[in-house]
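Structural description and commentary
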Amino acid sequence: KRERVTLSQQNAVEARNAVKAFGQGDNAVRALNDVSIEIRKGEFFTLLGPSGCGKTTLLRLIAGFEMPTSGTILLEGADITYLPPNQRPVNTVFQSYALFPHLTVAQNIGFGLQMQGRPKAEVKATVDRMLALVKLEAMASRKTSQLSGGQQQRVALARALAPSPKVLLLDEPLSALDLKLRREMQGELKRLQTETGITFIFVTHDQEEALTMSDRIGVMSAGKLQQVGTPREIYTRPHNRFVASFIGETNFLPATSDGSTLTLPGGYQIEAPAGTKAGQVTVTVRPEQVKLSPTPEAGTLPATVRGVVYMGTDMNYQLHLADGTEIEACVVSDVTGEAALAAGQTVGVRFTPGAAQVLED
Ligand code: ATP
């Protein structure tokens, strides 16, 4: 019991068996369906999933804007499930920024501290520190209505960070920005998180954003947490079909397992990952882990090139196996224009050792 308490204190936020239902009876929607998650202190954690999967609902339970139907929310080991939002050391940055247009940048940033009744000198010192942190020193006395979208975003971040929350919640904060600015702000957010050491919980439906920014990612679908892991774990070791296909392009292939060897269509055999059960399984392999040779050599899987797409830095091939199974291969840099394989050609397919992943469902 004591060990459990200590471990909980090491987590910034924990949800235990969180359920959130909206509406009654047949019309009830389970926005969260038994979600348990542990978010560690000081990490950049991303909740990733398609629209309607429950990301915002989980964030709102952590912020205290909603109460769960059942389950518990903990902050550093303490039960905060029913604590009002203003009593939680948690702040939120909304997609809409929600800045006060008639106040200056400095007044916006200092607003929360002033409401808490902090001494004037302390408010000014913190505001100055925050202005430097988001590199807006020169804009301190401008009205926020006179700022660009990127600058408004920085003010919203500075305002949320000013009271030194233990956890900062960010609900799709970059979605209103154009692509170039978005990239720039991704770097900024990462820098702010590292410099302040505050736990960030970031919500996005953009898989690339999640992969590049996060220490760990929680992938959600239909009110359930599908998998939690580092970007590399999520990308290279997806547990199920949803996670594999939501994060990047991939191939699914049927295989027969005897526990140690996987036999794929055409009799191609690879080593089964440890713990693979015997029987019919589904294997996933990323296109860039599919290797091609211009002729079907021994130990490769013969396939016919059906489509060739030039993508600038790489070539993408659609292949058909003899039984009609489709595979996509993405060949990077080692096949250039002239050497490219042509549609109709028969090639040999191999997978990079260890690249094939057996899915749970
Ligand atoms: P998005 O990326 O579109 O914001 P999301 O993953 O954040 O999606 P949620 O906003 O958490 O998803 O919504 C999850 C589900 O709960 C959806 O089906 C949504 O329609 C439903 N829902 C959310 N809030 C309410 C509410 N107040 N009343 C009824 N249903 C709700």
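Predicted model, so just to flag it, every value in this text is computed and none were measured.

As a further point, take the overall build of the chain. A tally of helices and strands in the chain yields nine helices and 20 strands. For the chain, the spread of C-alpha atoms along the principal axes amounts to about 80 × 50 × 40 Å. Across the 361 residues of the chain, 47% fall into the buried class. A total accessible area of about 17,400 Å² is found for the chain, and carbon and sulfur atoms account for 51% of it. If the 36 positive side-chain charges of the chain are averaged to one point and the 36 negative ones to another, these points end up 9 Å apart.

Attention shifts here to the pattern of salt bridges. Within this structure, the stated rule accounts for 16 salt bridges. Put simply, Glu 43 and Arg 216 hold a salt bridge, and the shortest N to O gap is 2.8 Å. Of this pair, Glu 43 sits in the loop between strand E2 (29-40) and strand E3 (44-48) while Arg 216 sits in strand E9 (residues 216-221), placing them 173 residues apart in sequence. The pair formed by Glu 43 and Arg 216 is uniform in burial state, with each residue classed as buried. For Lys 135, the salt bridge identified is with Glu 188, shortest N-O distance 3.9 Å. Taken as a pair, Lys 135 in the loop between helix H4 (120-133) and helix H5 (149-161) and Glu 188 in helix H6 (residues 179-196) lie far apart in primary sequence, 53 residues in all. A residue is classified by how much of its surface remains accessible, and Lys 135, at 52% relative accessible area, is exposed. By relative accessible area, Glu 188 is classed as buried at 11%. Linked by salt bridges that have partners in common, Lys 135, Arg 154, Glu 184, Glu 188, Arg 191 and Glu 195 make up one network.

For the rest of this paragraph, the subject is the pairing of E3. Taking burial as the measure, the five residues of E3 include five buried ones, the bulk of the element. What you see with E3 is no split at all: Phe 44, Thr 46 and Leu 48 on one side and Phe 45 and Leu 47 on the other are buried throughout.

Contact pair H5 / H6: the axes reach a minimum separation of 11 Å and the direction vectors enclose 20 degrees. As summarised for this structure, H5 and H6 are arranged roughly parallel, according to the angle between their axes. Where H5 crosses over H6, the two elements pack in a sense that is right-handed. Taken together, the residues of H6 that come into contact with H5 (itself represented by Gly 149, Gly 150, Gln 153, Arg 154, Leu 157 and Leu 161) are Leu 181, Glu 184, Met 185, Glu 188, Leu 189, Leu 192 and Thr 196. Grouping the amino acids of the contact of H5 with H6 by side-chain chemistry returns six nonpolar, four polar and three charged.

Quick look at the site of the ligand now. Phe 22, Val 29, Ala 31, Pro 50, Ser 51, Gly 52, Cys 53, Gly 54, Lys 55, Thr 56, Thr 57 and Glu 172 make up every residue found near the ligand. Between the ligand and Gly 52 there is a distance of 2.7 Å, counted from an oxygen atom to a backbone nitrogen or oxygen. Taking Thr 57, its side chain carries an N or O atom lying 2.5 Å from an oxygen atom of the ligand. Among the elements of the structure, E2 and helix H2 (55-63) are those that each provide at least two residues to the shell around the ligand. When residues in the shell around the ligand are grouped by element, the largest group, three residues, is from H2.

Below, the discussion takes up the UniProt feature "domain: ABC transporter" (unreviewed entry) in the chain. Listed under "domain: ABC transporter" (unreviewed entry) in the UniProt record, and renumbered for this structure, are residues 13-247. Annotated as residues 13-247, this span is 36% helix and 26% strand, and its ends, taken at the C-alpha atoms, are 25 Å apart.

Reading the values: the criteria
Residues numbered from 1 in each chain as written. Predicted model: local features only at pLDDT ≥ 70, side-chain atom pairs only at ≥ 80, totals over all residues. Heavy atoms only, no water. Helix = DSSP H or I, 4+ residues; strand = E, 2+ residues; numbered from the N terminus. Buried < 20%, exposed > 50% of the residue type's maximum accessible area, 1.4 Å probe, protein only. Areas by Shrake-Rupley, 256 points an atom, 1.4 Å probe, with all protein chains shown as cover. Lys, Arg positive; Asp, Glu negative; His and termini not counted. Charge placed at Lys NZ, Arg CZ, Asp CG, Glu CD. Salt bridge = Lys/Arg side-chain N within 4 Å of Asp/Glu carboxyl O. Axes fitted to C-alpha atoms, helices over the stretch in contact; angles between N-to-C directions. Parallel < 35°, antiparallel > 145°, perpendicular 65-115°, else oblique. Left-handed = near helix turned anticlockwise from the far one by under 90°. Contact = heavy atoms within 4.5 Å. Nonpolar A, V, L, I, M, F, W, Y, C, P; charged D, E, K, R; others polar. Near = heavy atom within 4 Å. Polar contact = N/O pair within 3.5 Å; in protein donor to acceptor, adjacent residues only side chain to side chain. UniProt positions renumbered as here; feature names shortened; annotations may be inferred.

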